[in-house]
Amino acid sequence: MFSNTTLSTRLAPVALLALLNAPATIGDEGQATVESTVLFNTNCARCHEGECSGRMSFHLPRKEADQHIRRHGGELPEAQVRELYDLLRYMKEECAFYPLPLALARDRAWDAETLGRLRSASGETYFLPVGTLGAGRHRVALQGLGPKARPCVELIDADFDFIDAIELEPSETGWGLRFRTEQQTEVFLRLKAPGSTPLTRVEIAADDQSP
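Being a predicted model, the structure only gives us computed values, none of them experimental.

Peer 1: How should I be thinking about the sheet that holds strand E2 (residues 125–133) in this particular structure?
Peer 2: Each strand in a sheet pairs with its neighbour through backbone hydrogen bonds, running either in the same direction (parallel) or in the opposite one (antiparallel). On the basis of which strands lie adjacent, the open sheet formed by three strands has the order E2-E7-E4 and antiparallel pairing. Pairing within the sheet leaves two strands with one partner each, and these edge strands are E2 and strand E4 (152–157). If you compare each strand with its neighbour and ignore which way they point, the axes differ by 20° on average. Seen against the sheet, helix H1 (residues 34–43) touches E2 and strand E7 (185–192) and runs at an angle of roughly 100° to E2.

Shown next as structure tokens:
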């Protein structure tokens, strides 16, 4: 699990911030970029997961909300600040991660190019939308990370609950992650590996080990 200080550049829990009473759409075209979504889910979301209500409305002026985003997220382009604002509104109103047009469970494997799109600007953190998994044991091969750089991992379900029954062990090509889901659920993997080489390939499969 991450400690409270693991993600150093994130939006803080002060964010009972406040969105306008408006539908949770994203941007002018109704779709956030993968870049902004990954930034939000690696740097911001952990402080806001579970704050959703389906009826949240922000009471702070937009200018103050933008200042909050820049204070915790750094100097960002105006368009990205707007997307982060809308992503926070989406999380609070929809009680969900904003959907990414990717799912490891569907694709079964991702190459370095796809993984690069799911990597934070710092290069240390990934947010991987694993997708919907049925009940049972699963394994994910994380290739490319150095065997001495043990990654920190969080497996999160659609209700923002952590999947705690996980095993992480080194392999010849990186690291292997095994876990169990008790029922069908959507799963997200947040992974932090400071100073490590980038992921080059990620694969998912059913785990044939005995329960």
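Peer 1: Explain the sheet that holds strand E5 (residues 166–170) to me, please; I cannot follow it from the model alone.
Peer 2: Strand order in this open sheet of five strands is E1-E8-E3-E6-E5, and the pairing throughout is antiparallel. Looking at the sheet topology across the chains shown, the edges are occupied by strand E1 (109–111) and E5. Each neighbouring strand pair of the sheet contributes to a mean axis angle of 15°, computed without reference to strand direction. Across five bridges, the pairing between E5 and strand E6 (residues 174–181) is antiparallel. Bridge assignment links glutamate 169 to a residue of E6, and that residue is glycine 176.

Peer 1: What should I look at first to understand the packing of H1 against helix H4 (residues 78–94) in this one?
Peer 2: When two helices pack together, their arrangement is given by the angle between the helix axes and the distance between those axes. Contact geometry of H1 with H4 gives a least axis separation of 10 Å together with a crossing angle of 60°. On the basis of their axis angle, the class for H1 and H4 is oblique. Two packed elements cross with a definite hand, and for H1 against H4 that hand is right-handed. Contacts from Glu35, Ser36, Thr37, Leu39 and Phe40 of H1 reach H4 at Gln80, Glu83, Leu84, Leu87, Leu88 and Met91. Split by residue class, the contact of H1 with H4 holds six nonpolar, three polar and two charged.

Peer 1: Help me understand the pairing of E6, please; the structure alone is not making it clear to me.
Peer 2: The two faces of the sheet receive side chains in turn, since in a regular strand these alternate between them. In terms of burial, E6 is a largely internal element, seven of the eight residues being buried. Hairpin geometry of E5 and E6 is characterised by an intervening segment of three residues between the two adjacent antiparallel strands.

Peer 1: Got a minute to help me understand empty space enclosed by the protein in this structure?
Peer 2: Here the idea is plain: a probe the size of a water molecule rolls over the atoms and shows the empty space left. Applying the stated criterion across every chain, the model contains two cavities of 30 Å³ or more. Reported here for the largest cavity is a volume of approximately 40 Å³. Along the walls of the largest cavity sit Thr37, Phe40, Asn41, Leu87, Met91, Ala96, Phe97 and Tyr98, which together make up its complete lining. Among the elements of the structure, H1 and H4 are those that each provide at least two residues to the lining of the largest cavity. Examining the composition of the lining of the largest cavity, we find that three residues originate from one element, H1, more than from any other.

Rules used in this analysis
Residues numbered from 1 in each chain as written. Predicted model: local features only at pLDDT ≥ 70, side-chain atom pairs only at ≥ 80, totals over all residues. Heavy atoms only, no water. Pairing = 2+ DSSP bridges. Helix = DSSP H or I, 4+ residues; strand = E, 2+ residues; numbered from the N terminus. Axes fitted to C-alpha atoms, helices over the stretch in contact; angles between N-to-C directions. Contact = heavy atoms within 4.5 Å. Parallel < 35°, antiparallel > 145°, perpendicular 65-115°, else oblique. Left-handed = near helix turned anticlockwise from the far one by under 90°. Nonpolar A, V, L, I, M, F, W, Y, C, P; charged D, E, K, R; others polar. Buried < 20%, exposed > 50% of the residue type's maximum accessible area, 1.4 Å probe, protein only. 1 Å grid on protein atoms, 1.4 Å probe; cavity = no way out; pocket = protein on both sides within 12 Å on 5 of 7 lines; lining within 4 Å. Points joined across faces, edges and corners; volume = space filled by probe spheres on them.

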